[in-house]
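Reading the structure
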Amino acid sequence: MASSTLTVEQVLALAPDASAAAAGRKLGAASHWTNPGRAAHALWGECRGSALYQVRVDLGDLSSKCSCPSRKFPCKHALGLLVLFAGGHLPEAPPPEWVTEWLERRAASSERKEKRKATLAEGAPPADPQAQSRRASDRQERVSRGLEAMRAWMEDLVRMGFASLEPNTDTWSTQAARLVDAQAPGMASRVRRLAEIPGSGPGWPRRLLDALGRLALAAEAWGRRDTLPAPLQEDLRTLVGFSLREEEVEARGEQVHDTWTVLSHVQDDEERVRVQRTYLMGTTTGRIALVLQFAAGRATFTDSFLPGSAFDARCVFWPSAVPRRAKVLERRGEVHAWTGPLPTLSIEDLGQRFAQELSQNPFQDSTPVLLGPVTPLRDAHAHWWLRDATGAAVRLAGENHWSLLALSGGQPLEVFGDWDGERLWPLGARVGQLLHPLQGVMS
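Keep in mind that this is a model prediction, so the values were computed, not measured.

Here we look at the overall build of the chain
- Along its length, the chain carries twelve helices and 15 strands.
- Overall, the C-alpha framework of the chain stretches about 70 × 65 × 45 Å when taken along its three principal axes.
- Within the span of the chain, comprising 443 residues, buried residues form 45% of the whole.
- Long-range contacts, defined as pairs at least 24 residues apart, comprise 61% of the intrachain contacts of the chain with a sequence gap of at least 6.
- Summing over all exposed atoms, the chain offers an accessible surface of approximately 22,500 Å²; the carbon and sulfur share of this is 51%.
- Averaging the locations of the 52 positively and 52 negatively charged side chains of the chain gives two centres separated by 4 Å.

Overview of unusual backbone geometry
- With an omega of -10°, the peptide bond between Gly372 and Pro373 qualifies as cis.
- With respect to the helices and strands, the residue Pro373 is situated in strand 10 (residues 367-378).
- Despite not being glycine, Asn35 shows a phi value in the positive range, around 50°.
- By the element assignment, Asn35 lies in strand 1 (residues 33-38).
- Look at Ala382: it is not a glycine, yet its phi comes out positive at around 65°.
- Structurally, the position occupied by Ala382 is in the loop between strand 10 and strand 11 (384-387).

Considering the nonpolar core
- Counting residues in each nonpolar core, the largest one holds 34 residues, and the members touching the most others are Met150, Met187, Leu194, Leu208 and Leu236.
- Contributions of two or more residues to this core are made by helix 5 (129-160), helix 6 (170-181), helix 7 (185-194), helix 8 (204-223) and helix 9 (230-240).
- It is helix 8 that provides the largest number of residues to this core, a total of nine residues.
- Those residues in contact with Leu194 that sit more than four places away from it in its chain are Trp153, Trp172, Leu208, Ala211, Leu212 and Leu215.
- Among the nonpolar cores identified, the runner-up in size contains 29 residues, and Leu6, Leu14, Ala15 and Leu84 belong to it.

Focus on the pattern of salt bridges
- All chains considered together, the criterion is met by 21 salt bridges.
- For the salt bridge of Glu357 with Arg353, the shortest nitrogen-to-oxygen distance reads 3.5 Å. One end of the pair, Glu357, and the other, Arg353, are both in helix 11 (residues 347-360), four residues apart, so they sit about a helical turn from each other.
- Each of the salt bridges in this network shares a partner with another, and the network as a whole consists of Glu148, Arg151, Glu220 and Arg224.

What to know about the packing of helix 2 (residues 18-26) against helix 3 (residues 76-86)
- Put simply, helix 2 and helix 3 touch, their axes get as near as 7 Å, and they point 50° apart. As judged from the angle between their axes, helix 2 and helix 3 are oblique. Helix 2 and helix 3 meet at a crossing whose hand is right-handed. Contacts from Ala20, Ala21, Ala23, Gly24 and Arg25 of helix 2 reach helix 3 at Lys76, Leu79, Gly80 and Val83.
- Considering only residue class, the contact of helix 2 with helix 3 consists of five nonpolar, two polar and two charged.

Things to note about the environment of Arg106
- Tracing the sequence through the fold places Arg106 in helix 4 (residues 97-123).
- Judged by its relative accessible area of 27%, Arg106 is partly exposed.
- Note: C-alpha distance between Arg106 and Asp58 (48 residues apart in sequence) is 9.3 Å.
- Arg106 has contacts with Asp58, Asp61 and Ser63, leaving out every residue within four places of it along the chain.

Quick word on the packing of aromatic side chains
- Here the structure, examined in full by the defined rule, presents seven aromatic pairs.
- Its end group placed over the ring of Phe317, Arg287 keeps NZ or CZ at 4.3 Å from the ring centre.

Describing the sheet that holds strand 1
- Within the open sheet, the four strands sit side by side as 1-2-3-4. Their pairing is antiparallel. The two strands at the open ends of the sheet, each matched to only one other strand, are strand 1 and strand 4 (63-66). Taken pair by pair, the neighbouring strands of this sheet meet at an average axis angle of 10°, ignoring direction.
- Inspection of the sheet shows strand 3 (residues 52-58) paired to strand 4 by four bridges, in the antiparallel sense. If you follow Asp58 over to strand 4, its bridge partner there is Ser63.
- Strand contacts of helix 3: strand 1, strand 2 (42-48), strand 3 and strand 4, with the helix running at about 60° to strand 3, the strand carrying the most contacts.

What counts and how
- Residues numbered from 1 in each chain as written.
- Predicted model: local features only at pLDDT ≥ 70, side-chain atom pairs only at ≥ 80, totals over all residues.
- Heavy atoms only, no water.
- Helix = DSSP H or I, 4+ residues; strand = E, 2+ residues; numbered from the N terminus.
- Buried < 20%, exposed > 50% of the residue type's maximum accessible area, 1.4 Å probe, protein only.
- Contact = heavy atoms within 4.5 Å.
- Areas by Shrake-Rupley, 256 points an atom, 1.4 Å probe, with all protein chains shown as cover.
- Lys, Arg positive; Asp, Glu negative; His and termini not counted.
- Charge placed at Lys NZ, Arg CZ, Asp CG, Glu CD.
- Core = buried A, V, L, I, M, F, W, Y, C linked by side-chain atoms within 4.5 Å.
- Salt bridge = Lys/Arg side-chain N within 4 Å of Asp/Glu carboxyl O.
- Axes fitted to C-alpha atoms, helices over the stretch in contact; angles between N-to-C directions.
- Parallel < 35°, antiparallel > 145°, perpendicular 65-115°, else oblique.
- Left-handed = near helix turned anticlockwise from the far one by under 90°.
- Nonpolar A, V, L, I, M, F, W, Y, C, P; charged D, E, K, R; others polar.
- Phe/Tyr/Trp six-rings, centres within 6.5 Å; stacked < 30°, edge-to-face > 60°.
- Lys NZ or Arg CZ within 6 Å of the ring centre and 35° of its normal.
- Pairing = 2+ DSSP bridges.

Here's what the structure looks like:
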């Protein structure tokens, strides 16, 4: 990325919160910087705050380091440097020693990690297969008892009716805690989400019944898990809360090499852990990959992804009937802007694809999709829609999509979002060849 084709909006989409984005935008003026520069692989500059802070960015993965005391990542100074770069205001220059040393330490650290991983793979002590089998059997028995108790609890809910249910009461938290005790944390998380449905608006009893039906399906499938196809067993185990170690994913998952463009990334908090969901699309294969990163407290995420950018990489997908979650195994080359075409779906094709995916994985809640060309509309009831040239339309989730309407200018554009079968959460929009992130919050 010798010269920037990034936009300010793409850079600010990396901000951990609105205040960091606003401060980063302000620091994107050249007057705040001393000795700024760029080279083929890095950006740097010194920013005057309460002290003189040294800021550097690795263009390989957009990781940054700043000498300021902020625990936000990226900090406002790194965002400001990237905004300056996006504006084309960084001169080419040889990197100073403090930048070269940082890049060398990053390269050495990456090499040590690879060696450590190879050493572990080659020299890992043999596991005790009997103990492993006993622990696995014990857990499956606990999960079976927990799901059976959950099924009885759900039957009581339906038998007694929903009229007296209230949100966020002990009814929900107690059942969720029982599932945690049964070592089924994935199901516990879903029960906690049920607590928000009662009284949440028109049609909430139908939404609650639908959610309970999905839990009942999972409980029924668990009792028959040995008869399910192997990929669907993987999906069921993930739903219940079993996790795979990364080395297992690398050994068993499908690996795909492509040039991946970043369509969107969303951050939110889940039970004291921050979660970053980044959606990638293979420009050749059309595959969509969901990269999940987790960070406790103020810890930083391992990888940075810039919406609208692209990079050459090998990704590995978690085993699944409809593989979606993935991990970037190996990046090759530098991050660059993507201005080429991307495969889109029509609204009619969206319905067909979601139905096909549900037939393969009935536990799937939604599917990510790049729709286009579609035009955003707002009807007389203040509901938002996307409509294509045939007149077919899909309802948008959320209530405020004025930014999307402004981007479209009343003309068709491409919209990336998450479709749950009824509504689409818009997460990004492509106007011409430029992707604009939309700061939607999925629920």
